[in-house]
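Single-letter residue listing:
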Amino acid sequence: MSEQRSTARTTTDDDTAHRPTAAMRRKVVGLALAAAVGGFLFGFDSSVINGAVDSIQHNFALNAFVTGFIVAIALLGCAVGAFIAGRLADRWGRLRVMLVGAILFLASSIGAGLAFSAWDLGFWRVIGGLGIGIASVVAPAYIAEISPRQSRGRLASLQQLAITIGIFVALLSDALLAGIAGSASKELWLGLEAWRWMFLVGVIPSVVYGVLALTLPESPRYLLASGRRDEARRIFATLVPESDVDRQIGDIENAIKEDKEGAKATLAGNRLGLKPIVWIGIILSVFQQFVGINVIFYYSTTLWRAVGFTEQNSLLITVITSVTNVVVTIVAILLVDRVGRRPILLTGSVGMALSLGVMALSFAFAVKENGAVTLPEPWGPIALVAANIFVVCFGASWGPLVWVLLGEIFPSRIRGKALGVAAAAQWIANFLVTISFPPMADFSLPFTYGMYAVFAALSFFFVFFKIPETNGMALEQAETLFKNAGGRSRGPQVRSGGESA
């Protein structure tokens, strides 16, 4: 009875009794920031080719289809990397897999910068994609597993913040290198053109990520799953108060024991071959990409030129948009553990659907002059504003919060594998959007943006009916809300220990 009464304590009493010290909070934040460098590589790799596309096409005499394929092919490598990362992380540990990802991206940065043909460049982009796919899985898993439940949402959001910063740095470095050389096609240093240095710059963050992987402590949850209890306890003692260590370890060991007593750690289930919770993660990932966010970052120059800006100013606007993305992601980090996951996601879905709908309407009035799309007044400025509102709504909601949820919804024994599948689905969805936009835009821009708006609207209903609130819950407790694939939930009534009501 006393144990039951203990598990029914209120959130306020529990937080007061087990609040981490300032030093512990700094330690956790430091570890989360270090792991999030993987997100930086993610963002950097996805955008660095933007400044080099025209030069690559001219240098290797490529047609439009091959050029688009070279741009998108890295995403297939990302999908494979994400798929295998979960299994490797469960077998080797989070840190060793981080190191593998860093080595792959390092090799890719050098190989792409020194590429002698289009297919050689494509090969190295696939290698880099493997590394980025690995980082995209391991980073959120590690952050979720070392974070106290009170701040897990904010810390997990650092992954998306790092992605947005990576996008910004890639676009900014492209602009600076092209500016120094006079153009991306002109020689810069050591007889190499500026576009090659755009790839070679990736050596720096990949080395930083590799060094961090050699110095971070291993995930306590992985150590406990591997039977290394003393090591896990030593690490937990630096992250949570002493009075909370045994309870943290006990919760994780109980969860691991329950999983071992059940079926083997497999993703197979009775819903189209997978467990329902795996489908939840896949659908979240697909929605994050099918709203078309990467169209803004991969093809935004075309949009800005369509509303009257020069090519030079279009690059500047793209950099500014990436800064906006960083700022609103910080806002999401500040709100996620105060407001909760569901309200932010639902609000973001509404904002994205409306802004994409306005973009579709604006381009319905587009006219073609000499093969170029132009928008008459007032639809050009309206489309420009709508596009930026869309970036704000995504960056403040679905961008960071999908990574938060993917880090906390899966049972511990399949977390690595399930994260790998969900992240792989995200990369495949990204690839489909990236490679399909040019022909779809040629067919009909109103239809294209209208389709993205429909997916944004569908994402609202998916969250409303399938995603319960997990704010403030211990990781093992949060995943219990999804035992039956997560029907709509009013949120937990018991915030610590036991089962939620």
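Everything numeric here is computed off the predicted structure, so don't read it as measured data.

Trainee: Even after reading the chapter, I still don't get the overall build of the chain, so can you show me in this structure?
Mentor: Helix and strand counts for the chain stand at 24 helices and five strands. Burial analysis of the chain (501 residues in total) assigns 57% to the buried set. Here the contacts in the chain between residues at least 6 apart in sequence split such that 76% fall between residues at least 24 apart. Accessible surface, the chain: about 20,300 Å² in total, of which carbon and sulfur atoms supply 65%.

Trainee: What's the story with the nonpolar core in this structure? I'm lost.
Mentor: The tendency in soluble globular proteins is for nonpolar side chains to be buried as a group. If you look at the biggest cluster of nonpolar residues, it comprises 145 residues, and the most contacted ones within it are I56, M98, F199, W398 and Y449. The greatest single-element share of this core, amounting to twelve residues, is contributed by helix α22 (residues 415-443). Aside from chain neighbours lying at most four places away, what touches M98 is A35, V138, Y142, Y209, A213 and L216.

Trainee: What am I meant to see in the side chain of T448 here?
Mentor: For T448, the position within the fold is in helix α23 (residues 445-466). A residue is classified by how much of its surface remains accessible, and T448, at 0% relative accessible area, is buried. Not counting residues up to four positions away in its chain, the partners in contact with T448 are F437, M440 and A441.

Trainee: Teacher, can you tell me more about the packing of aromatic side chains here?
Mentor: Given two aromatic rings, their pairing is described by the distance between the two centres and the angle made by the two planes. Inspection of the entire model under this criterion finds 16 aromatic pairs. Judged by centre distance (5.1 Å) and plane angle (75 degrees), the rings of F123 and W124 are edge-to-face. Taking relative accessible area as the criterion, F123 reaches 47% and is therefore assigned partly exposed. An aromatic cluster of at least three residues, connected via ring pairs, comprises F363, F437, Y449 and Y452. Positioned above the aromatic ring of F464, the side-chain terminus of R342 is 5.9 Å from the ring centre.

Trainee: Help me understand the environment of V203, please; the structure alone is not making it clear to me.
Mentor: Relative to the assigned elements, V203 resides in helix α12 (residues 203-215). A relative accessible area of 23% places V203 in the partly exposed class. Distance in space between the C-alpha atoms of V203 and A107 is 8.3 Å, their sequence separation being 96 residues. For V203, the contacting residues outside a window of four places in its chain are L106, S109 and I110.

Trainee: When you look at the packing of helix α4 (residues 37-48) against helix α8 (residues 118-146) in this model, what are you seeing that I'm missing?
Mentor: Geometrically, a packed helix pair is captured by the angle between its two axes and the distance between the axes. Closest axis-to-axis distance for the α4/α8 pair is 8 Å, and the angle between their directions is 145 degrees. Note that α4 runs across α8; the crossing there is left-handed. Within the contact between the two elements, α4 uses G38, L41, F42 and D45 and α8 uses R125, I132, A135 and S136. Broken down by class, the residue content of the contact of α4 with α8 amounts to four nonpolar, two polar and two charged.

Trainee: What exactly am I supposed to notice about the side chain of Q426 here?
Mentor: Structurally, the position occupied by Q426 is in helix α22. Of the residues examined, Q426 reaches a relative accessible area of 4% and is grouped as buried. If we skip the residues at most four places from it in the chain, Q426 touches F42, S285, Q288, Q289, V402, W403 and L406.

Trainee: Explanation requested: helix α14 (residues 229-237) in the structure shown.
Mentor: The complete set of buried residues in α14 reads A232, I235 and F236. Seen end-on, α14 carries its buried residues on one side only, within an arc spanning 100 degrees. Turned more than 90 degrees from where α14 packs its buried face, D230 and R234 sit exposed.

Trainee: When you look at α8 in this model, what are you seeing that I'm missing?
Mentor: Residue pairs three or four apart in sequence face the same way in an α-helix, which turns once every 3.6 residues. Taking 1.5 Å as the rise per residue, α8 with 29 residues should run 42 Å; its terminal C-alpha atoms sit 42 Å apart, in good agreement. In terms of burial, α8 is largely enclosed, as 25 of its 29 residues are buried.

Trainee: Teacher, can you tell me more about the packing of helix α19 (residues 341-363) against helix α21 (residues 398-408) here?
Mentor: Between α19 and α21, whose axes approach to 10 Å, the crossing angle comes to 145 degrees. The two elements α19 and α21 meet at a crossing, and its hand is left-handed. Residue-level contacts link R341, I344, L345, G348, S349 and M352 of α19 to W398, L401, V404, L405 and E408 of α21.

Trainee: Would you explain a nonpolar patch on the surface in this entry?
Mentor: Together, V323, V327, I330, V331, L334, L335 and V339 make up a nonpolar patch on the protein surface, roughly 520 Å² of accessible area in all. Along the chain, the position of L335 falls in helix α18 (residues 311-339).

Trainee: Quick question: what am I supposed to make of the confidence of the model for the chain here?
Mentor: For residues with low pLDDT, the predicted coordinates do not support detailed interpretation. In this model, the chain carries a mean pLDDT of 76, and residues with pLDDT of at least 70 account for 79%. Mean pLDDT in the chain bottoms out at helix α1 (residues 2-7), which sits at 40, and peaks at α23, which reaches 92. A low-confidence stretch, residues 1-14 (pLDDT under 50), is modelled with twelve contacts involving residues beyond four sequence positions or located in other chains.

The rules behind each value
- Residues numbered from 1 in each chain as written.
- Predicted model: local features only at pLDDT ≥ 70, side-chain atom pairs only at ≥ 80, totals over all residues.
- Heavy atoms only, no water.
- Helix = DSSP H or I, 4+ residues; strand = E, 2+ residues; numbered from the N terminus.
- Buried < 20%, exposed > 50% of the residue type's maximum accessible area, 1.4 Å probe, protein only.
- Contact = heavy atoms within 4.5 Å.
- Areas by Shrake-Rupley, 256 points an atom, 1.4 Å probe, with all protein chains shown as cover.
- Core = buried A, V, L, I, M, F, W, Y, C linked by side-chain atoms within 4.5 Å.
- Phe/Tyr/Trp six-rings, centres within 6.5 Å; stacked < 30°, edge-to-face > 60°.
- Lys NZ or Arg CZ within 6 Å of the ring centre and 35° of its normal.
- Axes fitted to C-alpha atoms, helices over the stretch in contact; angles between N-to-C directions.
- Left-handed = near helix turned anticlockwise from the far one by under 90°.
- Nonpolar A, V, L, I, M, F, W, Y, C, P; charged D, E, K, R; others polar.
- Arc of directions from axis to C-beta.
- Expected span 1.5 Å × (residues − 1).
- Patch = residues over 30% accessible without salt bridge, like charges linked within 9 Å, V, L, I, M, F, W, Y side chains within 5 Å.
- Salt bridge = Lys/Arg side-chain N within 4 Å of Asp/Glu carboxyl O.
- pLDDT = per-residue confidence, 0-100.

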